[in-house]
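Observations on the model geometry
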Amino acid sequence: MASPPKPSADPHRESAAPAADPRRNRRLPWAAVAILLGLAGNLALCVRRVGDDRGAVAFVGFTHLNLLLLFAAIRRFEVSPDGSVARGRARLAVWLLTTTLTASFTWRIGAMLPLSFAIAAWIMAAATVLGGFYVLFLHDEK
């Protein structure tokens, strides 16, 4: 009987994929940090610009908080293994956060538009939300 071949000690030969460092998934890339700092600066400028209008300050604060949560949910979705419960929850969070962001912007813009255009904006927003639901939850990956 032949014995199984021994692994070679050749340093130039590549072995199997190196083990992933779990700490690497926790760090934010420099581009993400720059975006988050830009978002914080934008929030400060928006709050300064709207001044005493509490409704506008609430809208700006809500949308910025929503964006931060959306970025965190997308990051969680990206680092979760396929088919895991965490990935499914992150997918749901991404859909819910994009839905609330779409609804808040449509609400704000719809208040400034004539009724016919506001109805068209709400129809487009609903189509976007339903399309996202279909793609994220109902469409089979091929």
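Rules used throughout
- Residues numbered from 1 in each chain as written.
- Predicted model: local features only at pLDDT ≥ 70, side-chain atom pairs only at ≥ 80, totals over all residues.
- Heavy atoms only, no water.
- Axes fitted to C-alpha atoms, helices over the stretch in contact; angles between N-to-C directions.
- Helix = DSSP H or I, 4+ residues; strand = E, 2+ residues; numbered from the N terminus.
- Parallel < 35°, antiparallel > 145°, perpendicular 65-115°, else oblique.
- Left-handed = near helix turned anticlockwise from the far one by under 90°.
- Nonpolar A, V, L, I, M, F, W, Y, C, P; charged D, E, K, R; others polar.
- UniProt positions renumbered as here; feature names shortened; annotations may be inferred.
- Phe/Tyr/Trp six-rings, centres within 6.5 Å; stacked < 30°, edge-to-face > 60°.
- Buried < 20%, exposed > 50% of the residue type's maximum accessible area, 1.4 Å probe, protein only.
- Lys NZ or Arg CZ within 6 Å of the ring centre and 35° of its normal.
- Salt bridge = Lys/Arg side-chain N within 4 Å of Asp/Glu carboxyl O.

Some remarks on the packing of helix H2 (residues 54-79) against helix H3 (residues 85-110)
Running from N to C, H2 and H3 cross one another at 155°; their axes reach a closest spacing of 9 Å. Looking at the two axes, H2 sits roughly antiparallel to H3. Classified by chirality, the crossing of H3 by H2 is left-handed. For the contact of H2 with H3, the residue count by class is 15 nonpolar, six polar and five charged.

With respect to the UniProt feature "transmembrane region" (unreviewed entry) in the protein
UniProt annotation of "transmembrane region" (unreviewed entry) refers to residues 30-50, 56-74, 94-113 and 119-138 when read in the numbering used here. Within the segment residues 119-138, helix and strand shares are 100% and 0% respectively, and the terminal C-alpha atoms sit 27 Å apart.

Details of the packing of aromatic side chains
Applying the stated rule across the entire model yields five aromatic pairs. Ring geometry for Trp95 versus Phe137: centroids 6.2 Å apart, planes at 85°, classification edge-to-face. Here Trp95, found in helix H3, pairs with Phe137, found in helix H4 (residues 115-138); they are 42 residues apart in sequence, far enough to count as distant. Given a relative accessible area of 16%, Trp95 falls into the buried group. Each residue in the set Trp95, Phe133 and Phe137 is aromatic and connected to the rest through ring pairs, giving one cluster. Of note, Arg87 hangs over the ring of Phe77, and the distance from its end group to the ring centre comes to 4.1 Å. Directly above the aromatic system of Phe59 lies the positively charged group of Arg108, at a separation of 4.9 Å from the ring centroid.

Notes on the pattern of salt bridges
Scanning the model with the defined rule gives one salt bridge in all. The closest approach of N and O atoms between Arg87 and Asp82, which form a salt bridge, is 3.4 Å. In this structure Arg87 comes out as buried when scored by relative accessible area, which is 15%.

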